[in-house]
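Chain by chain, the residues run as shown.
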Amino acid sequence: MPSPPAIHPVILCGGSGTRLWPLSRQSYPKQFARLISDDSLFQASARRCNGEGFSAPTIVTGDAFRFIVTEQLAAIEMAPNAIVIEPEGRNTAPAVLAAALLLAAQDADALMLVAPSDHVIADDAAFRAAVRAAAPAAQAGQLVTFGIHPTGPETGYGYLQLAPGSSAGAQEPQALAAFVEKPDLHRAEAMVADGQHLWNAGIFLMSIRTIVAAFETYAPEVLSPVAAAVAAATPDLGFTRLGPEPWTEVPDISIDYAIMEKAENLTVMPYSGGWSDLGGWNAVHQETGPDADGNVCTGEATAIDCSGTLLRSESESLELVGIGLEDMIAVAMPDAVLVAKRAESQRVKEAVAALKARGAKQATQHPRDFRPWGWFESLVVGDRFQVKRIVVHPGAALSLQSHVHRAEHWIVVQGTARVTIGAQEQLLSENQSVYIPLGEKHRLENPGKVPMVLIEVQTGTYLGEDDITRYDDVYARK
């Protein structure tokens, strides 16, 4: 008997959701956060799509997240098949097609499993078993979508209507009658009651050849520019950058609208192993596992006489205490705090919009600025000075750079730093410091095997991050 075809996971990792603000922000969205466990949602997704019969994952993401993806995969000792960089986000259809065309060059008859990077699935083994059970249908030319057994009348999800004679309890793909848009509560209750509707998880299994043919038939306006962008792709430090000029012609459209709602060769694989798209703080409360009083306390958080409440502190130095709260959410970051009724948690988007309208950086910028060499955060900001904590990974190096408007003073507080100032290079250990005059070329490196931490004191007339002239950079940033 011939061996089954390889399954190539394609993990979509370009979203910048705001429903979990203030933890999830445009500069560091929820898929990279450790919301439920010690793994980020992205790392958990990569682990889930791994094992016997699965190839190394292909990741589709944006330029801003490419080094975060690399770092988080390295942390779980997983090497990708490819990390594909979209010039701009264009929804799921172009991302899926770009991955399919790149994988077609390796094996057009293989299967590809498309999965979001920010979902929670409790039982990895059960999910992999469901994927393997769906593989014969996909190999036979079916586009298999995964449908989740609903646990209640959710109005935030789309639904999949099973065809007459299909069973939601089946252990193999079933015939699909229709996609159903997000319903109102009355219709959601009716659909859950009839037992013939499943939640649309946005997870798909199909052969590479089949999905490319579907684009040829149903979405040629997507196929043409995406194929051109793939043909114009260039390698960059191990990443695959899609061609930016053809990508400007790519429509912004989801895979559901472009293909799935039009195709006739569609089946649905029922899945009952537990799933959540973690679409809001109420979902985090449910998935984290409330105690006997319905409370969830994460980090430096304490609940006194509370019930049904989520308290979460994201700072070791910030104690969050709730007293006498009922069905509330409180999330504290170093630079922002959210307090809301659990029933109103979906309105977080309104808060982000209001902050954007006011020009508040907290709307989009995470307090930690993640870079390919590590991260930094501002500790104190004044009129003509700023104090930062900078963490540099072992073996990593900042660019050779200079500043027009500021001077800097570096104090090493952990590890060893190799510092270049002009033509002079020196090693600094803990409690040693150095001064970088305004306009002087300089570079910071960590030659050691442990993270290097330093305190940077900036002084000058302008302290913005765009006051950087780069002369050399190992990460090829402009």
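Keep in mind that what you see is a predicted model, and the values were worked out from it rather than measured.

Another point: the environment of Tyr 462. You can see Tyr 462 is positioned in the loop between strand 29 (452-460) and strand 30 (469-472). Classification of Tyr 462 as partly exposed rests on a relative accessible area of 36%. Measuring from C-alpha to C-alpha, the distance between Tyr 462 and Ala 213 comes to 54 Å, with 249 residues separating the pair along the chain. Excluding its chain neighbours within four sequence positions, the residues that come into contact with Tyr 462 are His 405, Arg 406 and Asp 467. Within the structure, Tyr 462 has its side chain in polar contact with the side chain of Asp 466 (distance 2.6 Å).

The strand order across the open sheet built from four strands is 14-16-18-19, with neighbouring strands paired in mixed fashion. This sheet does not close on itself; its edge strands, each paired only once, are strand 14 (296-298) and strand 19 (337-341). Put simply, the sheet's adjacent strands are angled 5° from each other on average, direction ignored. Two elements, strand 18 (residues 328-332) and strand 19, share five bridges in a ladder whose sense is antiparallel. Its bridge partner being in strand 19, Met 328 is matched across the sheet by Lys 341. Against the sheet, helix 10 (residues 281-288) makes contact with strand 14, strand 16 (310-313), strand 18 and strand 19, and its axis sits at roughly 95° relative to strand 16, the strand it touches most.

Where helix 6 (residues 208-218) meets helix 7 (residues 220-231), the closest approach of the two axes is 6 Å, and the angle between their N-to-C directions is 120°. It follows from the interaxial angle that helix 6 and helix 7 lie oblique. Taking contact as the criterion, the partners of Phe 215, Glu 216, Thr 217 and Tyr 218 in helix 6 are, on helix 7, Pro 220, Glu 221, Val 222 and Leu 223. Its residues assigned to classes, the contact of helix 6 with helix 7 shows five nonpolar, one polar and two charged.

A cluster of nonpolar side chains, contributed by Ile 304, Val 321 and Ile 323, occupies part of the molecular surface with about 270 Å² of accessible area. When you line up the elements, Val 321 lands in strand 17 (residues 320-323).

Under the UniProt annotation, "domain: Mannose-6-phosphate isomerase type II C-terminal" (unreviewed entry) lies at residues 360-473. Secondary structure within residues 360-473 divides into 0% helix and 55% strand; the distance between the first and last C-alpha atoms comes to 31 Å.

Overall, the coordinates contain eleven aromatic pairs when judged by the stated rule. Measuring from centroid to centroid gives 4.1 Å for Tyr 28 and Phe 370, while their planes differ by 15°, and the two rings are stacked. Linking Tyr 28 in the loop between strand 1 (7-12) and helix 1 (41-48) with Phe 370 in strand 20 (residues 368-371), this pair joins segments that are 342 residues apart in sequence. Judged by its relative accessible area of 9%, Tyr 28 falls in the buried class. Measuring from ring centre to ring centre gives 5.4 Å for Phe 67 and Phe 239, while their planes differ by 90°; the resulting arrangement is edge-to-face. Linking Phe 67 in helix 2 (residues 66-75) with Phe 239 in strand 11 (residues 239-241), this pair joins segments that are 172 residues apart in sequence. The same class applies to Phe 67 and to Phe 239, which are both buried.

The rules behind the values
Residues numbered from 1 in each chain as written. Predicted model: local features only at pLDDT ≥ 70, side-chain atom pairs only at ≥ 80, totals over all residues. Heavy atoms only, no water. Helix = DSSP H or I, 4+ residues; strand = E, 2+ residues; numbered from the N terminus. Buried < 20%, exposed > 50% of the residue type's maximum accessible area, 1.4 Å probe, protein only. Contact = heavy atoms within 4.5 Å. Polar contact = N/O pair within 3.5 Å; in protein donor to acceptor, adjacent residues only side chain to side chain. Pairing = 2+ DSSP bridges. Axes fitted to C-alpha atoms, helices over the stretch in contact; angles between N-to-C directions. Parallel < 35°, antiparallel > 145°, perpendicular 65-115°, else oblique. Nonpolar A, V, L, I, M, F, W, Y, C, P; charged D, E, K, R; others polar. Patch = residues over 30% accessible without salt bridge, like charges linked within 9 Å, V, L, I, M, F, W, Y side chains within 5 Å. Areas by Shrake-Rupley, 256 points an atom, 1.4 Å probe, with all protein chains shown as cover. Salt bridge = Lys/Arg side-chain N within 4 Å of Asp/Glu carboxyl O. UniProt positions renumbered as here; feature names shortened; annotations may be inferred. Phe/Tyr/Trp six-rings, centres within 6.5 Å; stacked < 30°, edge-to-face > 60°.

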